[in-house]
Amino acid sequence: MSKYLPFLTELERRLEPLRNRLAAHPLYSSIRSLDALHLFMESHVFAVWDFMSLLKTLQRGLTSVTVPWLPSANAEARRLINEIVLGEESDLYDGRALSHFELYLEAMQASGADARPIRRLLEALRGGADVEDALTMAAAPDAARSFVNHTFFCIDQKQLHKVAAAFTFGREDLIPDMFRGFVRDLDRAMAGKLDMFVWYLERHIEVDGEEHGPMALRMVASLCGEDPKRWQEATETAEAALQARLDLWDGILASIVESSSDELEKALGFSSLTPK
């Protein structure tokens, strides 16, 4: 990895301002009730889902999935992506094998969040709809729809080093301790109904920092090599992916603020339509 250090250093320098904005985003401090957490989960689940399409794009491009089988060119990247797929698609929770997306859906159900839009998306896709139409049919939240469309724009470019950059740098879970602390406190107050969501948060921080993050970084380096043009494209893709995450957070925050205003107006006995 040492020969790629100058490229990685410059990439990290470029991403630092966006990462800092994500880590300090006011969305986290706005989530102070179960209703607000539900709004977060109901949009964030779409990002958990489309993450798997980034992952499967990389697996399809870096390994051999055809019959008869032939060895793919990049053996190291092949091993790295297969290890990541194992954890993301078939992790173990309480002795059961399931993907992190499926676990998230169960966490939503246990907490009382509305999983109908994401389930409608899956049904539309199984029925043959393309992603954009499926998002419309599912009535996905606007911010989630924009985020997923950006993800598939990246996938549709069919350039693995760009997909790897979006996967590696655009999906880091920069979740502050105070947000996880709030979720743990709420879980205790709800007699463990958020246990699965707490596990999801902790598990992603664990595997991203200790396992999948370093693996994915090596994958980006192996795909970009010593080609300055590829590193520049990877950097621009990572910046765009982080900006898309910021836009998603902004959209969820706006929905929480709007919901809080509506609740306040109801409590005070007037509507936002009341003439001022």
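One can find the structure itself at the top, above this paragraph.
The structure contained in this document is the topic of the report that follows. Residue numbers here run from 1 along each chain, matching the order of that chain's written sequence. In keeping with the model being predicted, local features are shown solely for residues with a pLDDT of at least 70 and side-chain atom pairs are shown and tallied solely at 80 or more, while totals for entire chains, interfaces and linings include all residues. Computation of side-chain values: all heavy atoms of the structure, hydrogens and water removed.

## Considering the overall build of the protein
Next up, step 1: Helix and strand definitions follow DSSP, with helices as H or I runs of at least four residues and strands as E runs of at least two, each counted in order from the N terminus. Across its full length, the protein holds 12 helices and 2 strands.
Next up, step 2: Helices (α) and strands (β) of the protein occur, in sequence order from the N terminus, as α-α-α-α-β-β-α-α-α-α-α-α-α-α.
Next up, step 3: As a reference, a globule follows 2.2 Å times the number of residues to the power 0.38, and the radius of gyration itself is taken over C-alpha atoms. Relative to the globule expectation of 19 Å for 276 residues, the C-alpha radius of gyration of the protein, 20 Å, shows essentially globular dimensions.
Next up, step 4: For the protein, the spread of C-alpha atoms along the principal axes amounts to about 65 × 40 × 35 Å.

## Observations regarding the pattern of salt bridges
Next up, step 1: Just to be clear on terms, a salt bridge is a Lys or Arg side-chain nitrogen sitting within 4 Å of an Asp or Glu carboxyl oxygen. Scanning all chains against the criterion turns up 16 salt bridges.
Next up, step 2: When salt bridges that share partners are traced, they join Asp177, Arg180, Arg184 and Glu202 into one network.

## Topic: the layout of surface pockets
Over the atoms, a rolling probe the size of a water molecule traces out where space has been left empty.
Next up, step 1: Grid points spaced at 1 Å over the protein atoms alone were grouped into cavities, where a 1.4 Å probe fits but cannot get out, and pockets, open sets with protein on both sides within 12 Å along at least five of seven lines, with lining residues defined by an atom within 4 Å of a point. Grid points are joined across faces, edges and corners, and a volume is the space filled by probe spheres set on the points. Empty space within the second largest pocket amounts to approximately 240 Å³.
Next up, step 2: Taken together, Leu39, Glu42, Ser43, Asp114, Pro117, Ala139, Pro141, Asp142, Ala143, Gly251, Ile252 and Ser255 form the lining of the second largest pocket.
Next up, step 3: Only α3 (34-62), α8 (142-156) and α12 (228-268) provide two or more residues apiece to the lining of the second largest pocket.
Next up, step 4: Polar here means any residue outside two lists: the nonpolar Ala, Val, Leu, Ile, Met, Phe, Trp, Tyr, Cys and Pro, and the charged Asp, Glu, Lys and Arg; Gly therefore counts as polar. Here the lining of the second largest pocket is composed, by residue class, of 6 nonpolar, 3 polar and 3 charged.

## Quick word on empty space enclosed by the protein
Next up, step 1: Within the structure shown, the criterion is met by 2 cavities of 30 Å³ or more.
Next up, step 2: Considering the residues around the largest cavity, the lining is formed by Leu54, Phe147, His150, Thr151, Cys154, Ala166, Gly170, Arg171, Ala241 and Ala244.
Next up, step 3: Elements with a minimum of two residues in the lining of the largest cavity: α8 and α12.
Next up, step 4: Looking at the lining of the largest cavity, the element that brings in the most residues is α8, giving 4 residues.
Next up, step 5: Taken together, the residues of the lining of the largest cavity sort by class into 6 nonpolar, 3 polar and 1 charged.

## As for the packing of aromatic side chains
When we look at a pair of aromatic rings, we describe it by the centre distance and by the angle of the planes.
Next up, step 1: Each Phe, Tyr or Trp ring (for Trp, its six-membered ring) is paired with any other whose centre lies within 6.5 Å, and the angle between the two planes then decides the class: stacked below 30 degrees, edge-to-face above 60, tilted in between. For the structure on display, the rule yields 12 aromatic pairs.
Next up, step 2: Centroid distance tryptophan 49 to phenylalanine 152: 5.8 Å. Interplanar angle 25°. Geometry classified as stacked. Taken as a pair, tryptophan 49 in helix α3 and phenylalanine 152 in helix α8 lie far apart in primary sequence, 103 residues in all. Neither residue differs from the other here; tryptophan 49 and phenylalanine 152 are each classed as buried. Buried residues are those whose accessible area, probed at 1.4 Å on protein chains only, stays under 20% of the maximum for their type, while exposed residues exceed 50% and partly exposed ones sit between those limits.

## Notes on the environment of isoleucine 205
Next up, step 1: Within the element layout of this structure, isoleucine 205 appears in helix α11 (residues 195-224).
Next up, step 2: Residues isoleucine 205 and glutamate 83, 122 residues apart in the sequence, show an inter-C-alpha distance of 17 Å.

## Observations regarding the packing of helix α5 (residues 100-111) against helix α6 (residues 116-126)
Next up, step 1: The geometry of α5 relative to α6 is characterised by a closest axis approach of 11 Å and an angle of 140° between their N-to-C directions. One finds that α5 runs oblique with respect to α6. Residue-level contacts link Phe101, Leu105 and Gln109 of α5 to Ile118, Arg119 and Leu122 of α6.
Next up, step 2: Across the contact of α5 with α6, the residue classes tally to 4 nonpolar, 1 polar and 1 charged. Interaxial angle, 0 to 180 degrees, is taken between N-to-C directions of lines fitted to C-alpha atoms, where a helix line uses only the stretch in contact. To sort the angles, those under 35 degrees are grouped as roughly parallel, those over 145 as roughly antiparallel, those from 65 to 115 as roughly perpendicular, and the leftovers as oblique. Any two residues whose heavy atoms approach within 4.5 Å are treated as being in contact.

## Some thoughts on the nonpolar core
Next up, step 1: What is meant by a nonpolar core is a set of buried Ala, Val, Leu, Ile, Met, Phe, Trp, Tyr and Cys residues, joined one to another through side-chain atoms within 4.5 Å. If you look at the biggest cluster of nonpolar residues, it comprises 91 residues, and the most contacted ones within it are Leu37, Phe40, Phe197 and Met219.
Next up, step 2: Take this core: its biggest share by element is 15 residues, from α3.
Next up, step 3: Residues contacting phenylalanine 197, with those up to four places away along its chain left out, are Leu37, Phe40, Met41, Tyr104, Ala107 and Val183.

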